[in-house]
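Secondary and tertiary structure notes
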Amino acid sequence: MPELPEVEVTRRSFAPSIAGARILDARLGKPLRWPLGLAPEALAGRAVRSVRRRGKYLLVDLSDGLLLLHLGMSGSLRFAPTDSLPAPGTHDHFDLVTTQGTLRLHDPRRFGAVVYAAGEDDPVARKLLGGLGMEPLEDTFALQAFHAGLQASRTPIKLLLLGGKLVVGVGNIYASEVLFMARISPLAPANTIGPRRAQRLYEAIRVVLAAAVEKGGTTLKDFSNADGMPGHFQLQTQVYDREGLPCTRCAAPLRMLRQGQRSTFYCSHCQRQ
């Protein structure tokens, strides 16, 4: 599933190229997770101002309104000159044709979405974005507020991070890596994490996610950015998918457990509750 690093990498790979373009046409394929919210031909003539990210949503600012794009579980975007793209295939469900190229959403499982909203105050946008937590790579990610959020919850820390209501973007792979770096058990109740460990966790979130963005995200199956390039963060994970292998710190065998139907990888020796 594309997480914050993959979405940010995708944004950076096409945002400069599409900025300033005028929309010529829009095409919808099979139904996605949510409806577009207007007739696709109504987008023609609008200009693309910029592309931002909020959590795992890409916000394409238009001269009139905005598009919210979500990659779902298996989605990826491609931006290329229109005449270089083949005809849409079975799993190509949205084309935004512009004067500077075509943005195409490819999504085999169709859990992704492209939704139109009049603005961020539109009820449609508020429903999707309103409950999102702090952005971990922005200056607004405050240690004090983060620690206060930990103290307010008894949820196991791994599950709290995955929930996205305190801080966005710490997906399953990254949560395992973050907790290993911070030396915190994934089973530790969030409210037992004191100031020192909270600071280690806060710093680990920023370090791991920034490193993942720098490496182009994580490609386990089919993720690629809008230029078709895969990510490489999976080559440097310390615990994820390494069950039974020696810990890089203490050489104890790494373990795996299931939390919220997701696999958690950790070192029971280094990561104490």
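To be clear, the structure that these remarks concern was listed above.
Reading the values: rules and limits
- Residues numbered from 1 in each chain as written.
- Predicted model: local features only at pLDDT ≥ 70, side-chain atom pairs only at ≥ 80, totals over all residues.
- Heavy atoms only, no water.
- Helix = DSSP H or I, 4+ residues; strand = E, 2+ residues; numbered from the N terminus.
- Polar contact = N/O pair within 3.5 Å; in protein donor to acceptor, adjacent residues only side chain to side chain.
- Contact = heavy atoms within 4.5 Å.
- Axes fitted to C-alpha atoms, helices over the stretch in contact; angles between N-to-C directions.
- Parallel < 35°, antiparallel > 145°, perpendicular 65-115°, else oblique.
- Left-handed = near helix turned anticlockwise from the far one by under 90°.
- Nonpolar A, V, L, I, M, F, W, Y, C, P; charged D, E, K, R; others polar.
- Salt bridge = Lys/Arg side-chain N within 4 Å of Asp/Glu carboxyl O.
- Buried < 20%, exposed > 50% of the residue type's maximum accessible area, 1.4 Å probe, protein only.

1. Here's the deal with the side chain of Q271
Topologically, Q271 is positioned in the segment after β10 (262–266). At 3.4 Å, the side chain of Q271 forms a polar contact with the backbone oxygen of L179. Side-chain polar atoms of Q271 contact the backbone nitrogen of C267, separated by 2.8 Å. Those residues in contact with Q271 that sit more than four places away from it in its chain are L179, F180, R183, I184, S185, P186 and Y266.

2. Details of the packing of helix α1 (residues 4–18) against helix α6 (residues 195–214)
Where α1 contacts α6, the two axes come as close as 9 Å, and the packing angle between them is 40°. In terms of axis orientation, α1 runs oblique to α6. In this structure, the crossing between α1 and α6 has a hand that is right-handed. Of the residues in α6, those in contact with P5, E8, V9 and R12 of α1 are L209, A212 and V213. Counted by class, the contact of α1 with α6 contains five nonpolar, no polar and two charged residues.

3. Let's talk about the pattern of salt bridges
According to the stated counting rule, one finds 12 salt bridges in the structure shown. Across the salt bridge formed by E8 and R53, the nearest N and O atoms sit 2.9 Å from each other. With E8 in helix α1 and R53 in strand β2 (residues 48–54), this pair connects stretches of sequence that are 45 residues apart. You can call E8 buried: its relative accessible area is 6%. Close ionic contact of D92 with R104 constitutes a salt bridge, the shortest N to O distance being 3.8 Å. Note that D92 is positioned in strand β6 (residues 92–98) and R104 in strand β7 (residues 101–106), a separation of 12 residues in sequence. Of the two residues, D92 and R104, both sit in the buried class. One network of salt bridges, with partners in common, ties together E8, R11, R12, R53, R54 and E135.

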